[in-house]
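Commentary on secondary and tertiary structure
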Amino acid sequence: MLDKIKENLIEFGRIAGRNGLTPGISGNMSVRSGDKIVITSSGSASGYLDMSDLVVIDFDGKLIDGDKKPSSEKFLHIEYYKQRQDINSVLHFHSPYLTAFAAAGCELSEPVLPEIVYCFDKIPLATYAIPGSVELVEKTSKFFNNYDMILMANHGVIAAGADIKQTYLKLELAEAYAKTLLFTKMLGGAKILPKEEVEKIYLLK
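To keep things clear, this report deals only with the structure shown in the data block. (Residues numbered from 1 in each chain as written. Predicted model: local features only at pLDDT ≥ 70, side-chain atom pairs only at ≥ 80, totals over all residues. Heavy atoms only, no water.)

This part covers helix 6 (residues 164-186). Spanning 23 residues, helix 6 covers 34 Å between terminal C-alpha atoms, matching the ideal 33 Å at 1.5 Å per step. If you check which residues of helix 6 are buried, you get I164, T167, Y168, K170, L171, A174, E175, Y177, A178, L181 and T184. Within two residues after helix 6, G188 carries a phi angle of roughly 105°, on the positive side. (Helix = DSSP H or I, 4+ residues; strand = E, 2+ residues; numbered from the N terminus. Expected span 1.5 Å × (residues − 1). Buried < 20%, exposed > 50% of the residue type's maximum accessible area, 1.4 Å probe, protein only.)

A few words now on helix 5 (residues 134-141). Looking only at helix 5, the buried set comprises L136, V137, T140 and S141. Viewed along the axis of helix 5, the buried residues span an arc of 110°, placing them on a single side of the element. Projecting away from the buried face of helix 5 at angles above 90 degrees are the exposed residues V134 and E138. (Arc of directions from axis to C-beta.)

To continue, consider the packing of aromatic side chains. Following the criterion strictly, the structure yields four aromatic pairs and no others. The interplanar angle of 45° and the centroid separation of 5.9 Å between the aromatic rings of F12 and Y168 together place this pair among those described as tilted. A residue pair is termed long-range when its members are at least 10 positions apart, and F12 in helix 1 (residues 2-18) and Y168 in helix 6 qualify at 156 residues. For the ring pair Y80 and F144, a centre distance of 3.7 Å and an interplane angle of 10° mean the geometry is stacked. Of this pair, Y80 sits in helix 2 (residues 74-83) while F144 sits in the loop between helix 5 and strand 7 (149-152), and the two are 64 residues apart along the sequence. Grouping residues by exposure puts Y80 and F144 together as buried. (Phe/Tyr/Trp six-rings, centres within 6.5 Å; stacked < 30°, edge-to-face > 60°.)

In structure tokens form, the structure reads like this:
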């Protein structure tokens, strides 16, 4: 079971790498399996993982299996799992377009594209804290109960889902959305959906 999870993490890490969503050694990935979490090791490159880059921890952050140190942001992943029983995968990447908005201090809250309104409602912005710190967990985790995607100011983005494929697809969709918004700024700005149209989208859920 854990080996299959590791294979999936390697696969989606490589997909993310090919699509430019996880440059260099930035970011970290994990999947929950019962009372265990498979997570990338500290300093690993998500786009170039092998089995040795993945370790197993418990919900106290203690190493259960593996020869490397778990990601320094393991408690960010643990807190997401603790708050959300429906969440079984967490991806924290520094994808360029979403990170651009995070670095600019801009949450993605205006209703522009129907699929974004439907999938996310909005993508909030957590205030900055040092990567790997307790403060980072505190500032980011206040959004975990209500959002599957959160921008982290001057840092990156964190996404969560029922499994790693769903989580990756959410992140890919949000990254494309951020890219689209940046292009609309070159064209005079995005046109906001009318309130009545937004309400129709909510009724589809």
